[in-house]
Amino acid sequence: MINRILIRIKVVQMLYNYMLTRDVKSLAMARDELQQSFDKSYELYNYLLKFIIDITDLQDLYLDEAKHKFLPTHEDLNPNPKFVDNELVEILRNNEQLQQFIKEHKLSWRDNELFLRLMLNKIQNTDVYNEYMESGMSDLDSDCNLWRQLFRRLIIDDDDMLEELENKSVYWSSDDLDFMGQFVIKTIRRISDGEEFPIMPQFKDEEDAEFGDKLFTAAVEQEELNSATIDKFVDSRHWDSDRIALIDRVILLVALAEVRNFENIPTTVTLNEYIEIAKSFSTPNSSAFVNGILNSAIRYMKNSEGLMKP
């Protein structure tokens, strides 16, 4: 569920932090922090699923309070219950795996009702919500589609949501919200399709679970070797090895560690993934720089070091 794209990003981020702090931080401490970042990403996935439940409960509470006002209106006494009767919410509420995780990690959004109220107001002002409430359709597919669209069009890109999450954990960033939000959408689709176990595991398999730690450790242990490889292909007419941006060097160190240590990952996959990371996390020129250095380094490793990967 935490896929290799996100794993690579987190390894790059952790290596960058480690290279800034290694005088006071051991490799073991950095590896522990990396694992904690993976655990917090999976916690965010479950937390976003809990958001669906808690914001529905808040609306249910408001509807009930409106009925008991001193002078309730006809609308107060006869509200449209479609949002609070959503079948997806009931499935999540009754999912043992999700509820066990929520209980163990004490996950709740109700400690900040002002934020929940803000998000509920935003939801109620979307076309997606209003079309859903006005529709005569009332089935699991339409209920799931509502929340898929809300995550796509509102929640994943919402600045207030991101600020709320960043205030709760240093490990939660816009990347985490984007990736975990996409996995929430996939989970909702799995529920709509009637899958028996829709809640996704933290990692797809044991190989993915070990990938991040192995990649980070290799990048640290082979830093000197891979730095020499990088410097070999820096064109001194355009670049000064000593002045390469640290983030660019880190991206290259992790990429070369992946090339050297993971035989089952084609070099083209590694190349493309780290060029994309450079586009997202460094300067406008970085992707071209990373592309050029990696291509040259991979050719050299195949010709001179016996690298056998495709």
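See the structure above.
Below: a short report on this structure.

### A word on the overall build of the chain
Alright, step 1. Check the secondary structure of the chain and you find 15 helices and zero strands.
Alright, step 2. With the C-alpha coordinates aligned to their principal axes, the bounding extent of the chain is approximately 80 × 35 × 35 Å.
Alright, step 3. Residues counted as buried form 49% of the 310 residues belonging to the chain.
Alright, step 4. Residue pairs at least 24 apart in sequence account for 79% of intrachain contacts in the chain once pairs closer than 6 positions are excluded.
Alright, step 5. Carbon and sulfur atoms make up 47% of the accessible area of the chain, which totals about 15,800 Å².

### Overview of the pattern of salt bridges
Alright, step 1. Evaluated as defined, the whole model comprises 22 salt bridges.
Alright, step 2. We note a salt bridge from Arg22 to Glu223, for which the minimum N-O separation is 2.6 Å. Placement of the pair is Arg22 in the loop between helix H1 (4-21) and helix H2 (27-67) and Glu223 in helix H12 (residues 223-232), with a sequence separation of 201 residues.
Alright, step 3. Owing to a relative accessible area of 34%, Arg22 belongs among the partly exposed residues under this scheme.
Alright, step 4. The partner of Asp111 in a salt bridge is Lys168, and the shortest N-O contact between them spans 3.3 Å. Of this pair, Asp111 sits in the loop between helix H5 (96-105) and helix H6 (113-124) while Lys168 sits in helix H9 (residues 159-168), and the two are 57 residues apart along the sequence.
Alright, step 5. The class for Asp111 is exposed, based on a relative accessible area of 59%.
Alright, step 6. It is possible to trace a salt-bridge network through shared partners that takes in Arg4, Glu207 and Asp208.

### Section: the packing of H1 against helix H11 (residues 206-221)
Alright, step 1. Following both chains from N to C, one finds H1 and H11 inclined at 30 degrees, their axes separated by 10 Å at the closest point. Here H11 runs roughly parallel to H1, going by the angle between their axes. Here H1 and H11 pass one another in a crossing that is right-handed. Across the interface between the two elements, Arg4, Ile7, Arg8, Val11, Met14, Leu15 and Tyr18 of H1 pack against Glu207, Asp208, Phe211, Gly212, Leu215, Phe216, Ala219 and Val220 of H11.
Alright, step 2. Tallied by class, the residues present in the contact of H1 with H11 amount to 10 nonpolar, one polar and four charged.

### Digging into the packing of aromatic side chains
The description of two aromatic rings rests on the distance between their centres and on the angle between their planes.
Alright, step 1. If you walk through the whole model with that rule in mind, you get 14 aromatic pairs.
Alright, step 2. Both rings, one in Tyr42 and one in Tyr45, keep their centres 5.6 Å apart while their planes meet at 25 degrees; by these two values the pair is stacked. With Tyr42 and Tyr45 both in helix H2 and three residues apart, the pair spans about one turn of that helix. The two residues Tyr42 and Tyr45 agree in class, both being buried.
Alright, step 3. An angle of 25 degrees between the planes, with centres 5.6 Å apart, marks the rings of Tyr47 and Trp172 as stacked. Within this pair, whereas Tyr47 is found in helix H2, its partner Trp172 is found in the loop between H9 and helix H10 (174-192), the two being separated by 125 residues in sequence.
Alright, step 4. The structure contains a cluster of three or more aromatic residues connected by ring pairs, namely Tyr47, Phe51, Phe83, Trp109, Phe115, Tyr129, Trp147, Phe151 and Trp172.
Alright, step 5. In this arrangement the basic side chain of Arg4 is found over the ring face of Phe211, its NZ or CZ atom lying 4.4 Å from the centre.
Alright, step 6. The ring of Tyr132 has Lys82 lying over it, and the distance from NZ or CZ to the ring centre is 4.4 Å.

### A few points about the side chain of Asn86
Alright, step 1. As for its placement among the helices and strands, Asn86 is situated in the loop between helix H3 (74-77) and helix H4 (87-93).
Alright, step 2. Not counting residues within four places of it along the chain, the set of residues in contact with Asn86 comprises Tyr132, Asp143, Leu146 and Trp147.

Rules used in this analysis
Each chain carries its own residue numbering, running from 1 in the written order of its sequence. Reporting in this predicted model follows two pLDDT cut-offs: at least 70 for local features of residues, and 80 or more for side-chain atom pairs to be given and counted; totals over whole chains, interfaces and linings ignore these cut-offs and use all residues. Only hydrogens and water are set aside when side-chain values are computed; all heavy atoms of the structure are taken into account. The helix and strand labels rest on DSSP assignments: H or I over at least four residues marks a helix, E over at least two residues marks a strand, and numbering proceeds from the N terminus. Buried means the residue's accessible area, taken with a 1.4 Å probe over protein chains only, is under 20% of the maximum for its type, while exposed means over 50%, and partly exposed covers the values in between. Only heavy atoms matter for contacts: two residues are in contact if any of them lie within 4.5 Å across the pair. Every accessible area reported is derived by Shrake-Rupley at a probe size of 1.4 Å, with residue values counting cover from the shown protein chains alone. Each salt bridge in this description consists of a side-chain nitrogen of Lys or Arg and a carboxyl oxygen of Asp or Glu lying within 4 Å of one another. Note on method: axes are straight lines fitted to C-alpha atoms, helices fitted across the in-contact stretch only, with angles between N-to-C directions ranging 0 to 180 degrees. Note on angle classes: values under 35 degrees are labelled roughly parallel, values over 145 roughly antiparallel, values of 65 to 115 roughly perpendicular, and the remainder oblique. Helix crossings are classified by the rotation of the near helix relative to the far one: an anticlockwise turn of less than a right angle makes the crossing left-handed, while a clockwise turn makes it right-handed. In this classification, the charged set is Asp, Glu, Lys and Arg, the nonpolar set is Ala, Val, Leu, Ile, Met, Phe, Trp, Tyr, Cys and Pro, and all remaining amino acids, among them Gly, are polar. For Phe, Tyr and Trp, rings pair up if their centres lie within 6.5 Å, where Trp contributes its six-membered ring, and each pair is then called stacked (planes under 30 degrees apart), edge-to-face (over 60) or tilted (otherwise). Cation placement over rings: the criterion is NZ of Lys or CZ of Arg within 6 Å of the ring centroid and within 35° of the ring normal.

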